[in-house]
Amino acid sequence: GAVVSQHPSRVICKSGTSVKIECRSLDFQATTMFWYRQFPKKSLMLMATSNEGSKATYEQGVEKDKFLINHASLTLSTLTVTSAHPEDSSFYICSVTQGAEDTQYFGPGTRLTVL
Amino acid sequence: TQLLEQSPQFLSIQEGENLTVYCNSSSVFSSLQWYRQEPGEGPVLLVTVVTGGEVKKLKRLTFQFGDARKDSSLHITAAQTGDTGLYLCAGFTGTASKLTFGTGTRLQVTL
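Only a predicted model underlies this, so the values are computations on that prediction, with no experimental measurement involved.

Moving on, we come to the environment of B:Asn18. Residues and elements named next belong to chain B. Looking at the element boundaries, Asn18 is found in the loop between β2 (10-14) and β3 (19-24). Apart from residues lying up to four places away in sequence, Asn18 is in contact with His75, Ile76, Thr77 and Ala78. A polar atom in the side chain of Asn18 sits 2.8 Å from the backbone nitrogen of Ala78.

Among the structural elements, A:Thr110 can be located in strand β11 (residues 110-114). Among all residues touching A:Thr110, those that are not within four sequence positions of it are A:Gln6, A:Pro8, A:Ser9, A:Val11, A:Ile21, A:Ser90, A:Phe91 and A:Tyr92.

Attention now moves to the interface of chain B and chain A. Taken together, the contacts link 21 residues of chain B with 20 residues of chain A. Approximately 1500 Å² of surface area, both sides summed, lies buried where chain B meets chain A, with 54% of it carried by carbon and sulfur atoms. By the criterion of area lost to chain A, the three top residues of chain B are B:Ser97, B:Lys98 and B:Phe101, representing 26% of everything that side buries. Taken together, the links from chain B to chain A amount to 1 salt bridge. Counting every contact that joins chain B to chain A gives 5 residue pairs in polar contact (both at pLDDT 80 or more). Every element with two or more residues in the side of chain B that touches chain A is listed here: β4 (31-37), β5 (44-49), β9 (85-92) and β10 (99-101) of chain B. Here the residues of the side of chain B that touches chain A are counted per class, giving 10 nonpolar, 8 polar and 3 charged.

A word on the packing of aromatic side chains. Under the definition given, this model contains 7 aromatic pairs over all chains. Plain terms: the ring middles of A:Tyr36 and B:Phe101 are 5.5 Å apart, the flat faces sit at 90 degrees to each other, and that makes the pair edge-to-face. A residue pair is termed interchain when its members come from two chains, as with A:Tyr36 in strand β4 (residues 32-38) and B:Phe101 in strand β10. Accessibility assignment for this pair places A:Tyr36 and B:Phe101 in one class, buried. With a centroid separation of 5.3 Å and 90 degrees between ring planes, the pair formed by A:Phe106 and B:Tyr35 is classed as edge-to-face.

About the criteria used
Residues numbered from 1 in each chain as written. Chains lettered and ligands numbered in written order. Predicted model: local features only at pLDDT ≥ 70, side-chain atom pairs only at ≥ 80, totals over all residues. Heavy atoms only, no water. Helix = DSSP H or I, 4+ residues; strand = E, 2+ residues; numbered from the N terminus. Contact = heavy atoms within 4.5 Å. Polar contact = N/O pair within 3.5 Å; in protein donor to acceptor, adjacent residues only side chain to side chain. Buried area = accessible area lost by both parts, 1.4 Å probe. Salt bridge = Lys/Arg side-chain N within 4 Å of Asp/Glu carboxyl O. Nonpolar A, V, L, I, M, F, W, Y, C, P; charged D, E, K, R; others polar. Phe/Tyr/Trp six-rings, centres within 6.5 Å; stacked < 30°, edge-to-face > 60°. Buried < 20%, exposed > 50% of the residue type's maximum accessible area, 1.4 Å probe, protein only.

Geometry only, nothing functional implied.
And the structure:
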């Protein structure tokens, strides 16, 4: 399956700052990537669908201006958490879709801690 | 909103025991996937089931998709400590390739 990487794996930032998380598809050109967040001991919640060359599609309740998504190339999507607050602390995971069954392959995740 | 409820939420068993995890919904899914996630890592795909009534086996793991494609189960035979993790089912509706994840089942297998 597709190999997906994320950078950084962990980040700690101060409240009010912005943080950028990268998601790379290493062996597959992905026109679509997905961004999820996961709170401790909880399941994954889809935040947005990142579309190469066009605007991202956000799920209901997700603030577009707070979680900026850029999908500038077929191998890279970025999620920027703007003006981060402690409640934004979470595990952020991206995925790409590949194959006839639209199987999703996930990155290793990024642990964000906002102080 | 399509909801996937998993049961049990948490399961602690000893090595060698059998277990079954259930994934239920009132919605129909065109396919359903099972993932296993370890702490601090992304989910790893175990299996995809597509056809109603389908049964797939992966070594000691048996997956079944309900006839009506609204539910699924995962059965583990003779659990091992390496099976410990968070098990997630996820349904695919075919709309914009989006997956809806289940509530998760945390499995702990001890010696």
